[in-house]
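Structure assessment
So you can see what is in the structure, the chains are spelled out below.
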Amino acid sequence: MNPIRVILIEDHFLARMALHSVLSSHPQIKVVGEASDGQQGIDLYHQLTPDVVLLDLRMPRMSGFEVLQHIRKDFPTARCIVLSAYRGSEDIYRAVRGGAMGYLTKDASGEEVTNAVLTVSRGLRYIPKEILHRLAERMPSVDLTPRESEVLTCITQGFSNREIAEELGIAEKTVRIHVSSILEKMGARDRTQATIYALQRGLVDLQ
């Protein structure tokens, strides 16, 4: 099995050292590059096209949100895990909406960081339950049909309508109808909010 190739985009040297040490100790993970600022991180991604990126949200000159936007624009399938010292719901929402597949706080354990990389490398989201509980949205309970539940699971994994159609063996037009129904039942304004609500309430299983 080929190792999971990871790059670190973090402006604090000691934090990068700690992440490098933790991840390099796992036999399935290889840190292939490090960047100390956003632009360097973008250039490094273009050069190495890693499997997973660990990205600090708060950096000088260019924020992690901007880096995420640039990377996802050129590489829509990029798998990024954002790191933040904050647990606020707005940061989580912006990160997920920007395409992040994982969200970790700076005080996450080495085991949690490793698990996040392994999970995201498989194309699944990784957002710890304690982070989800910080989200402020309070929505009514919803009653989804079995097919809507299947579609919602695909949404939380970041699938497009076309990918959902292929996964479930249904027409893309049918997927759009299901997505509209899910958003209406949840009272969600977009797929990102539906994803966060689904994860927060345990409607889907990340694993």
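Description of the structure in this document. (Residues numbered from 1 in each chain as written. Predicted model: local features only at pLDDT ≥ 70, side-chain atom pairs only at ≥ 80, totals over all residues. Heavy atoms only, no water.)

1. Some words on the nonpolar core
Core analysis: the largest hydrophobic core is formed by 26 residues, its most contacted members being Ile9, Leu55, Val67 and Ile71. Those elements that place two or more of their residues in this core are β1 (4-9), α2 (38-48), β3 (52-56), α3 (64-74), β4 (80-84) and α4 (89-97). Those residues within four positions of Ile71 in sequence are excluded, and the remaining contacts are Ile9, Ile42, Tyr45, Ala78 and Cys80. Ranked by size, the runner-up nonpolar core spans 20 residues in total, among them Val31, Val113, Val117 and Val120. (Core = buried A, V, L, I, M, F, W, Y, C linked by side-chain atoms within 4.5 Å. Buried < 20%, exposed > 50% of the residue type's maximum accessible area, 1.4 Å probe, protein only. Helix = DSSP H or I, 4+ residues; strand = E, 2+ residues; numbered from the N terminus. Contact = heavy atoms within 4.5 Å.)

2. Details of the environment of Asp51
Of note, Asp51 is situated in the loop between α2 and β3. Between the C-alpha atoms of Asp51 and Val117, which are 66 residues apart in sequence, the distance is 9.2 Å. With residues up to four places along the chain from it excluded, the contact list for Asp51 reads Pro3, Ile4, Arg5 and Arg79. Here Arg5 takes part through its backbone nitrogen, which lies 2.7 Å from a polar atom of the side chain of Asp51. (Polar contact = N/O pair within 3.5 Å; in protein donor to acceptor, adjacent residues only side chain to side chain.)

3. Some thoughts on the pattern of salt bridges
Overall, the coordinates contain 5 salt bridges when judged by the stated rule. In this structure, the salt-bridge partner of Glu10 is Lys106, at a minimum N-O distance of 3.5 Å. A residue pair is termed long-range when its members are at least 10 positions apart, and Glu10 in the loop between β1 and α1 (13-24) and Lys106 in the loop between β5 (102-105) and α5 (110-121) qualify at 96 residues. Taking relative accessible area as the criterion, Glu10 reaches 1% and is therefore assigned buried. For Glu150, the salt bridge is made with Arg147, and the minimal N-O distance between the two is 2.7 Å. (Salt bridge = Lys/Arg side-chain N within 4 Å of Asp/Glu carboxyl O.)

4. With respect to the environment of Asp43
Its place among the elements puts Asp43 in helix α2. On the accessibility criterion, Asp43 (45% relative accessible area) is partly exposed. Taking the C-alpha atoms as reference points, Asp43 and Ile71, 28 residues apart in sequence, are found 9.3 Å from one another.

5. Remarks on the sheet that holds β1
Spatially, 5 strands are ordered β2-β1-β3-β4-β5 in an open sheet, and the strand pairing comes out parallel. Two strands close off the open sheet at either side, each with one partner strand: β2 (29-35) and β5. Each strand of the sheet is rotated relative to its neighbour by a mean of 20°, with strand direction disregarded. As paired strands, β3 and β4 are joined by 4 bridges and run parallel to one another. Within β4, the residue paired with Leu55 across the bridge is Val82. Strands β1, β2 and β3 of the sheet are contacted by α2, whose axis makes an angle of about 135° with β2. α5 rests against β1, β2, β3, β4 and β5 of the sheet, and its axis sits at about 130° to β3. (Pairing = 2+ DSSP bridges. Axes fitted to C-alpha atoms, helices over the stretch in contact; angles between N-to-C directions.)

6. Let's talk about the packing of helix α7 (residues 146-156) against helix α8 (residues 161-168)
The N-to-C vectors of α7 and α8 enclose an angle of 130°; their axes lie 10 Å apart at closest approach. On the basis of the axis angle, α7 is oblique to α8. Where α7 crosses over α8, the handedness of that crossing is right-handed. Of α8, the residues touching α7 (which contributes Arg147, Glu150, Val151, Cys154 and Ile155) are Ile164, Glu167 and Leu168. (Parallel < 35°, antiparallel > 145°, perpendicular 65-115°, else oblique. Left-handed = near helix turned anticlockwise from the far one by under 90°.)

7. Some thoughts on α2
What α2 keeps buried is the set Gly38, Gly41, Ile42, Leu44, Tyr45 and Leu48. Projected down its long axis, α2 carries its buried residues within an arc of 165°, all on one side. On its buried face, α2 sits against β1, β2, β3 and α3. Where α2 starts, the residue carrying a side-chain oxygen 3.2 Å from the main-chain nitrogen of Gln39 turns out to be Asp37. Following α2 by one or two positions, Thr49 has its phi on the positive side, about 35°. (Arc of directions from axis to C-beta.)

8. Section: α5
The end-to-end C-alpha separation of α5 is 17 Å, in line with the 16 Å expected for 12 residues at 1.5 Å each. Most of α5 sits out of view: 9 of its 12 residues are buried. Burial in α5 covers these residues: Glu112, Val113, Thr114, Ala116, Val117, Leu118, Thr119, Val120 and Ser121. (Expected span 1.5 Å × (residues − 1).)

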